[in-house]
Amino acid sequence: MYSEKVIDHFTNPRNVGEIENANGVGTVGNPADGDVVTIYVEIEDNILKDVKFKAFGCAAAIATGSMTTELAKGKTVEEALKINREDVARELGGLPDRKNECSNLGAAALHEAINDYLGKKF
C-alpha cells in the first residue's frame, strides 16, 4: 500500500515540531476528517532557513508533512511556492489514490505559511 519512503518518513519524520517565533505559519486540513498539517517557516533574505511541521492524521499526512519540509528547506520563497502535492507524492514514491487528495496536505500548508510570511512583510 505505502512505498518504503512513505513508511520511512512516517516512522522517522524529519523536521518535526514548531519554530519559536516563526515568521510564517500555515495550517491546512479538517480535524473532522482526521488530517491536519501545520508548517512553520523561518525565512531570511528570501531563503527558507528552517521549516518544521506538526501533523495530526494518518501515515500519509505525517509522511507528506515530513517530505514537504525536506523539499522546502534552503529554497527561495519563489522556489518553495512551486512545490506542489504532485512533487511531494513523487518524492515519496507515490501515494495510494485515496490518500493523495485527503492526506497530501504538506504543500498547501507550506504555501499558507509562506503567504502568512508575505502578508506580514508587506
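Residues numbered from 1 in each chain as written. Predicted model: local features only at pLDDT ≥ 70, side-chain atom pairs only at ≥ 80, totals over all residues. Heavy atoms only, no water.

1. Considerations on the overall build of the chain
Next up, step 1: Scanning the chain from terminus to terminus reveals six helices and three strands.
Next up, step 2: Tracing the chain from N to C terminus, the helices and strands come up as α-β-β-β-α-α-α-α-α.
Next up, step 3: For 122 residues, the compact-globule estimate of 2.2 N^0.38 gives 14 Å, and the chain sits close to it at 13 Å.
Next up, step 4: If one aligns the C-alpha atoms of the chain with their principal axes, the spans along those axes are about 45 × 30 × 20 Å.
Next up, step 5: Within the span of the chain, comprising 122 residues, buried residues form 47% of the whole.
Next up, step 6: Carbon and sulfur atoms make up 48% of the accessible area of the chain, which amounts to about 6200 Å² in all. (Helix = DSSP H or I, 4+ residues; strand = E, 2+ residues; numbered from the N terminus. Rg over C-alpha atoms; globule rule 2.2 N^0.38 Å. Buried < 20%, exposed > 50% of the residue type's maximum accessible area, 1.4 Å probe, protein only. Areas by Shrake-Rupley, 256 points an atom, 1.4 Å probe, with all protein chains shown as cover.)

2. Brief notes about the packing of helix 1 (residues 4–11) against helix 2 (residues 59–72)
Next up, step 1: At a closest axis distance of 8 Å, the pairing of helix 1 and helix 2 adopts a crossing angle of 90 degrees. In terms of their interaxial angle, helix 1 and helix 2 are classed as roughly perpendicular. Note on element contacts: helix 2 touches helix 1 through Ala 59, Ile 62, Ala 63, Ser 66, Met 67 and Glu 70, opposite Val 6, His 9 and Phe 10.
Next up, step 2: Its residues assigned to classes, the contact of helix 1 with helix 2 shows six nonpolar, two polar and one charged. (Axes fitted to C-alpha atoms, helices over the stretch in contact; angles between N-to-C directions. Parallel < 35°, antiparallel > 145°, perpendicular 65-115°, else oblique. Contact = heavy atoms within 4.5 Å. Nonpolar A, V, L, I, M, F, W, Y, C, P; charged D, E, K, R; others polar.)

3. Examining the nonpolar core
Next up, step 1: If you look at the biggest cluster of nonpolar residues, it comprises 31 residues, and the most contacted ones within it are Ile 39, Val 41, Leu 48, Val 88 and Leu 110.
Next up, step 2: Those elements that provide at least two residues to this core are strand 2 (35–44), strand 3 (47–56), helix 2, helix 3 (77–81), helix 4 (85–91) and helix 6 (106–121).
Next up, step 3: Among the elements that take part in this core, helix 2 stands out by supplying seven residues, more than any other.
Next up, step 4: Discounting chain neighbours no more than four positions away, the residues touching Leu 48 are Val 41, Glu 42, Ile 43, Ala 72, Lys 73, Gly 74, Lys 75, Thr 76, Val 77, Ala 80, Leu 110 and Ile 114. (Core = buried A, V, L, I, M, F, W, Y, C linked by side-chain atoms within 4.5 Å.)

4. Notes on helix 6
Next up, step 1: Compared with an ideal rise of 1.5 Å per residue, which puts 16 residues at 22 Å, helix 6 spans 23 Å between its outermost C-alpha atoms and is within 8% of the ideal.
Next up, step 2: Buried within helix 6 are the following residues: Gly 106, Ala 107, Ala 109, Leu 110, Ala 113, Ile 114 and Tyr 117. Each buried residue of helix 6 lies within a common arc of 165 degrees when the element is viewed along its axis, so the set occupies one face. (Expected span 1.5 Å × (residues − 1). Arc of directions from axis to C-beta.)

5. With respect to the pattern of salt bridges
Next up, step 1: If you walk through the whole model with that rule in mind, you get five salt bridges.
Next up, step 2: Notably, a salt bridge pairs Arg 14 with Asp 8, separated by 2.6 Å at the nearest N-O pair.
Next up, step 3: Residue Arg 14 is classed as partly exposed on the basis of its relative accessible area of 25%.
Next up, step 4: In this structure Asp 8 comes out as partly exposed when scored by relative accessible area, which is 28%.
Next up, step 5: Between Lys 54 and Glu 18 there is a salt bridge whose closest N-O contact spans 2.6 Å. Here Lys 54 is found in strand 3, whereas its partner Glu 18 is found in the loop between helix 1 and strand 1 (24–30), with 36 residues between them in sequence.
Next up, step 6: Taking relative accessible area as the criterion, Lys 54 reaches 38% and is therefore assigned partly exposed. (Salt bridge = Lys/Arg side-chain N within 4 Å of Asp/Glu carboxyl O.)

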